[in-house]
Amino acid sequence: MPELPEVEIARRNLERWFKGHRIVRAEADATRVFRGAELARFTRLTGQVTALERKGKYLLLSLEGGHGLMAHLGMTGKFVRRKEGEAVPYSRARFHLDDGHVVHFADPRLFGRMEPVSAQELWELPAVKALGRDPLTDGLTGPQLEEAVGDSKQDLKVALMDQGRVAGLGNIHAAEALFRAGLHPARKPGTLTPDDWKHLAKAIHAAFDFAFKEQEGEDITYLEEAGSVNRFRVYGRATGPCPKCGTTVESFTQGGRTTHFCPKCQPLSTVPSRASRKGPAAGKGTVPAVASTKPRSRRR
């Protein structure tokens, strides 16, 4: 499933493919990928791409003539470039370039989304405006991460995946970052210390850097696809050995998603809450036992 690194790789690929070329024809199929948008408007997306930006998991394309396109890859969507006439399975939309190539939007499960709008509207779209801090474009330090997530009452991993708090962080990379930081996914944000936030912010960047190194290229293979290789440290490795200590990796359902963690490297110990650290009279907050937590409505 595409998360921030995969979407950023898609942005870089599109930027490279469109640079110095013109879109001579745009066409799309009538599918739910184009929810709330007219297919006819998509056909106007011709000419040169003048800007190709990203916020979280959203791609924002600006073209000459004031046209724009918001694209979300959903669960299985991806952009691929092929020569004219070469078939692409599950191609839902196509940009024909003046160099004889076609950029396809392929989406087997049809959970992707495209919305043609004016270029001026792109950053004002409700879905984009609702996004929180983007770790790459906005930066993400320990204090900034605490400001974004620290007041949440949800489990830590669920709060990290709230797109209104941290844009682009999904199930895979949240699990990887927490493993790198040695933090249990069910910790409550209020129990983290300033050092915890600092280590977690660094771990998020490290998880992204790892993904870029392993997946950068013209054709990304998602982990759920046939023939893919799981190179992640803890995600998808339940019942296998932890790469750090050899303890069996465990999993549980959290916020409607499967969470993977090492019980030894990421212990769920009794930790005083932020309130109780202020003094004996402040309360007795502790980290609860592992439980399934419903995601916030802001998560996208």
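Owing to the predicted nature of the structure, the values given are computational and were not obtained by experimental measurement.

**Student:** Help me understand empty space enclosed by the protein, please; the structure alone is not making it clear to me.
**Tutor:** Using a probe with the size of a water molecule, rolled over the atoms, empty space left in the structure can be pinpointed. According to the stated counting rule, one finds 1 cavity of 30 Å³ or more in the structure shown. There is about 60 Å³ of room inside the largest cavity. The wall of the largest cavity is formed by Glu-6, Ala-10, Asn-13, Leu-73, Lys-78, Phe-79, Val-80, Glu-218, Asp-219, Ile-220 and Tyr-222. Breaking the lining of the largest cavity down by element, the ones donating at least two residues are α1 (4-18) and β5 (78-83).

**Student:** Help me understand the sheet that holds strand β1 (residues 23-28) in this model?
**Tutor:** What links the strands of a sheet is backbone hydrogen bonding, and the strands pair in either a parallel or an antiparallel sense. Strand order in the open sheet formed by 4 strands is β1-β6-β7-β5, and the pairing between neighbours is antiparallel. Edge positions in the sheet fall to β1 and β5, since each has one partner strand and no second. In this sheet, neighbouring strand axes are inclined to one another by 20° on average, regardless of whether the strands run parallel or antiparallel. Contacts between α1 and the sheet are confined to β1, β5, β6 (91-97) and β7 (101-106), with β5 contributing the most and set at about 30° to the helix.

**Student:** Would you explain the confidence of the model for the protein in this entry?
**Tutor:** The predicted structure's coordinates, where accompanied by low pLDDT, should not be read in detail. For the protein, per-residue confidence averages 89 on the pLDDT scale, and 89% of positions sit at 70 or higher. Note that residues 272-300 has pLDDT below 50 and, in this model, 70 contacts with residues that lie over four places away or in other chains.

**Student:** Is there a simple way to explain the nonpolar core in this structure?
**Tutor:** Burial of nonpolar side chains together is a common tendency in soluble globular proteins. Formed by 52 residues in total, the largest nonpolar core has its most connected members in Phe-79, Phe-95, Met-114, Leu-145 and Leu-200. Apart from the residues within four sequence positions on either side, Leu-145 is in contact with Leu-140, Gly-150, Leu-160, Val-166, Trp-197, Leu-200, Ala-201 and Ile-204. By size, the runner-up hydrophobic cluster in this structure holds 10 residues, among which are Val-117, Val-128, Leu-131 and Ala-167.

**Student:** I would appreciate a short explanation of the environment of Gly-66 in the present structure.
**Tutor:** Within the secondary structure, Gly-66 sits in the loop between β3 (58-63) and β4 (67-72). Sequence separation between Gly-66 and Gln-120 is 54 residues, and the spatial gap between their C-alpha atoms is 7.4 Å. Those residues in contact with Gly-66 that lie beyond four places of it in its chain are Ser-118 and Ala-119.

**Student:** Explain the packing of aromatic side chains to me, please; I cannot follow it from the model alone.
**Tutor:** For any pair of aromatic rings, the description consists of the separation of the ring centres together with the inter-plane angle of the planes. Summed over the entire model, instances satisfying the criterion amount to 7 aromatic pairs. Pairing Phe-34 with Phe-42 gives two aromatic rings, centres 5.2 Å apart and planes at 80°, and the pair type is edge-to-face. Comparing Phe-34 with Phe-42, the two get one shared label, buried. Arranged with centres 5.2 Å apart and planes meeting at 50°, the rings of Phe-79 and Phe-105 form a pair that is tilted. Note that Phe-79 is positioned in strand β5 and Phe-105 in strand β7, a separation of 26 residues in sequence. An aromatic cluster is defined as three or more aromatic residues linked by ring pairs; in this entry it consists of Phe-18, Phe-34, Phe-42 and Phe-95. Its end group placed over the ring of Phe-212, Arg-12 keeps NZ or CZ at 4.6 Å from the ring centre. Between the NZ or CZ atom of Arg-32 and the centre of the ring of Phe-111, over which it lies, the distance is 4.9 Å.

About the cut-offs
- Residues numbered from 1 in each chain as written.
- Predicted model: local features only at pLDDT ≥ 70, side-chain atom pairs only at ≥ 80, totals over all residues.
- Heavy atoms only, no water.
- 1 Å grid on protein atoms, 1.4 Å probe; cavity = no way out; pocket = protein on both sides within 12 Å on 5 of 7 lines; lining within 4 Å.
- Points joined across faces, edges and corners; volume = space filled by probe spheres on them.
- Helix = DSSP H or I, 4+ residues; strand = E, 2+ residues; numbered from the N terminus.
- Pairing = 2+ DSSP bridges.
- Axes fitted to C-alpha atoms, helices over the stretch in contact; angles between N-to-C directions.
- Contact = heavy atoms within 4.5 Å.
- pLDDT = per-residue confidence, 0-100.
- Core = buried A, V, L, I, M, F, W, Y, C linked by side-chain atoms within 4.5 Å.
- Buried < 20%, exposed > 50% of the residue type's maximum accessible area, 1.4 Å probe, protein only.
- Phe/Tyr/Trp six-rings, centres within 6.5 Å; stacked < 30°, edge-to-face > 60°.
- Lys NZ or Arg CZ within 6 Å of the ring centre and 35° of its normal.

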